[in-house]
Amino acid sequence: MRTESVSAPKHLGIRSHELFSRARNVFPDGTTRATVERDPVPRYVMKGEGAYLTDVDGQRFLDLHNNFTTLIHGHGFGPVIEAVARQLHDGTCFANPTAHEIDLAELLVSRIPAIEQIRFVNTGTEAVMFAIKAARAFTGRPAIAKIEGAYHGAYDWAEAGQVGTPATWGLASAPTALPSYTGTPKTVADDVIILRFNDARGAREQIVAAGRRLACIVLDPMPSRIGLIAPEADFIEAVVTTARQYGILVVSDEVLNLRQGYGGASVRYGIQPDLLVAGKIIGGGFPIGAVGGSRDVMEVFDGSSGAAKVQQAGTFSANPVSMVAGRVSMEHMTEAAFERLERMGDWVRGELTAAIEMRQAPYVVTGAASLFRIHPKRRMPCDYREAYTQPGEAASIRAMSRFFASEGIIFPAAGTACLSTAMSEGDLKKVVQVFDRYLAVASTL
Ligand code: PMP
């Protein structure tokens, strides 16, 4: 099946091109974050409304991106807008605490079993960084382990081993802790052990070999960059049990996957982490990150009797706008709301898979709850190396994303698609129909 020649997107209009030519003067590569998709230029957005967004050329799209899975209620969710509008009048940031931070903290503590206490920051990157610092301070050890290919934001240690290619990722038994940028201090790689996802035996051996050098294992239960592959129970069991034997903390990075359920992803997969990192959905569309965990570990942030072991501050940390937006957004994510999203996700994944099977097309669908991903592969991948996008597959994904765009759907070319509570049955049907049409078109090329 050849897919490269599916025509360029019909819907990338002149205004996006004009804005991009201005942007190229003021931003390196014309964008201000590496993850902005472009084909060949980015689509500039004018506004979002519920499940849809409108670009600067006035064209409307169903949004399966939702800002990297952040907007669980879609765009412009009424209750959040009203609460934030009130808060704007009352003040957007203070050096003093507000009741709003306690409200959001209480909500999260009551839902997420791993969190007894919590601290708020502004991004997932920061939250992962503070979780790692907390683990180091608690254990007095420098090194961390993490999963090959998994994304945890931009802290040097959390980034290592994230960008491996077949030429650089090294032995399967000891993957390389590849730095993500030239000039990373060499000591970073010395203090990062890379485990392969779903390789229970390999993970156990590596954790045992590193032993008491490890402060923590950072584990995203379903890493998006690995392809939203389901974690195998024996892998989770091996990682957590071996960590316990050596006094290594388990950090569950649920910045993205907290959306998998009312209690988050660790509840779903039976993990009892010592620290849990959250972000995205808990800010209701505003910047946020959070690190929480058991009282004894969180004590490293306690500065009430002298300097805290880990100083965690931040000019905008726990700003009342993010706190209010997050609380209102999460209050509307009742257990019933999570269950509805789960059913919607099951239906979409099931129908996409049925379309693939009917046409015997070379694709597989992964994901859980409201998250899904379509891989141009015949076999279900089980780790980063298997999920790795080969050059031919990249063209196929681009072609599919273009086709979706030409049919009025934003489908993340390289990443994770997600549903929001704003989506209707009709929206979901449209996703499946467009995919089925794409398979029909692609098979004739
Ligand atoms: N961890 C995970 C699992 C993520 O998915 C992300 C963001 N995609 C981050 C950390 C970093 O979060 P942020 O972009 O808010 O810094």
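Residues numbered from 1 in each chain as written. Predicted model: local features only at pLDDT ≥ 70, side-chain atom pairs only at ≥ 80, totals over all residues. Heavy atoms only, no water.

(A) Fine view of the nonpolar core. Counting residues in each nonpolar core, the largest one holds 55 residues, and the members touching the most others are Phe120, Ile282 and Phe435. Two domains share this core, each providing at least three of its residues, namely domain 1 (14-76 + 334-442) and domain 2 (78-331). The residues contacting Phe120, other than those within four sequence positions of it, are Glu101, Leu104, Ala105, Leu108, Ile282, Ile288, Gly289, Ala290, Gln312, Ser317, Ala318 and Met323. (Core = buried A, V, L, I, M, F, W, Y, C linked by side-chain atoms within 4.5 Å. Buried < 20%, exposed > 50% of the residue type's maximum accessible area, 1.4 Å probe, protein only. Domains from an automatic or database assignment. Contact = heavy atoms within 4.5 Å.)

(B) Molecular detail of the sheet that holds strand E10 (residues 249-253). Judged by pairing direction, the sheet is mixed, and its seven strands sit side by side in the order E4-E12-E11-E10-E9-E5-E8 without closing on themselves. The open sheet is flanked by strand E4 (117-121) and strand E8 (192-195), the only strands paired with a single partner. Strand-to-strand twist in this sheet, taken as the mean axis angle between neighbours without regard to direction, amounts to 20°. In terms of strand pairing, strand E11 (residues 275-279) meets strand E12 (residues 289-293) through five bridges, oriented antiparallel. (Pairing = 2+ DSSP bridges. Helix = DSSP H or I, 4+ residues; strand = E, 2+ residues; numbered from the N terminus. Axes fitted to C-alpha atoms, helices over the stretch in contact; angles between N-to-C directions.)

(C) Up close: empty space enclosed by the protein. The final tally for this structure, using the stated rule, is two cavities of 30 Å³ or more. The calculated volume of the largest cavity comes to roughly 80 Å³. As for the largest cavity, its lining consists of 14 residues, of which Arg373, Ile374, His375, Pro376 and Ile397 are closest to the centre. Sorting the residues of the lining of the largest cavity by element identifies strand E14 (371-375) and helix H15 (391-406) as the ones contributing at least two each. Class assignment for the residues of the lining of the largest cavity results in eight nonpolar, three polar and three charged. Of the voids in this model, the second largest cavity is the one considered here, and its volume is about 40 Å³. For the second largest cavity, the full set of lining residues is Leu108, Arg111, Ile112, Leu258, Gly261, Tyr262, Ile281, Met330 and Phe338. (1 Å grid on protein atoms, 1.4 Å probe; cavity = no way out; pocket = protein on both sides within 12 Å on 5 of 7 lines; lining within 4 Å. Points joined across faces, edges and corners; volume = space filled by probe spheres on them. Nonpolar A, V, L, I, M, F, W, Y, C, P; charged D, E, K, R; others polar.)

(D) Quick look at the site of the ligand. Around the ligand sit Thr123, Gly124, Thr125, Tyr151, His152, Gly153, Asp220, Asp253, Val255, Leu256 and Lys280, and that is every residue in its neighbourhood. A distance of 2.8 Å separates an oxygen atom of the ligand from a polar backbone atom of Thr125. Between Asp253 and the ligand, the recorded distance is 2.7 Å, taken from a side-chain N or O atom to a nitrogen atom. Here the ligand has 390 Å² of accessible area as a free molecule, and 82% of this is covered by the chains. Considered class by class, the residues forming the shell around the ligand number three nonpolar, five polar and three charged. (Near = heavy atom within 4 Å. Polar contact = N/O pair within 3.5 Å; in protein donor to acceptor, adjacent residues only side chain to side chain. Areas by Shrake-Rupley, 256 points an atom, 1.4 Å probe, with all protein chains shown as cover.)

(E) Structural detail: the side chain of Arg136. Relative to the helices and strands, Arg136 is located in helix H5 (residues 124-139). Despite its burial, Arg136 remains without a salt bridge, the nearest opposite charge being carried by Asp191 at 6.4 Å. Beyond its immediate sequence surroundings of up to four residues, Arg136 is in contact with Arg141, Pro142, Tyr155, Trp157 and Ala215. (Lys, Arg positive; Asp, Glu negative; His and termini not counted. Salt bridge = Lys/Arg side-chain N within 4 Å of Asp/Glu carboxyl O.)

(F) Up close: the pairing of E11. Burial analysis of E11 places five of its five residues in the buried class, the great majority of the element. Here E11 shows no split at all, with Leu275, Val277 and Gly279 on one side and Leu276 and Ala278 on the other all buried. Two elements, E10 and E11, share three bridges in a ladder whose sense is parallel. Bridging from a neighbouring strand, Asp253 pairs with Val277 of E11.

(G) Summary view of the domain arrangement of the protein. Each assigned domain of the protein is listed with its residue range as follows: domain 1 (14-76 + 334-442) and domain 2 (78-331). One C-alpha centre belongs to domain 1, the other to domain 2, and the line joining them spans 25 Å. Taking both sides of the interface into account, the surface hidden between domain 1 and domain 2 amounts to around 2,900 Å²; carbon and sulfur atoms contribute 57%. The largest per-residue losses of area from domain 1 upon contact with domain 2 belong to Phe338, Tyr384 and Arg385, which jointly make up 28% of the total buried on that side. Taken together, the links from domain 1 to domain 2 amount to three salt bridges. As a salt-bridge pair, Glu148 and Arg385 come within 2.9 Å of each other at their nearest N and O atoms. Run the count over domain 1 and domain 2 and you get 19 residue pairs in polar contact (both at pLDDT 80 or more). Top element by residues in the side of domain 1 that touches domain 2 is E14. It accounts for four residues. Of the residues contributing to the side of domain 1 that touches domain 2, the split by class is 15 nonpolar, eleven polar and five charged. (Buried area = accessible area lost by both parts, 1.4 Å probe.)

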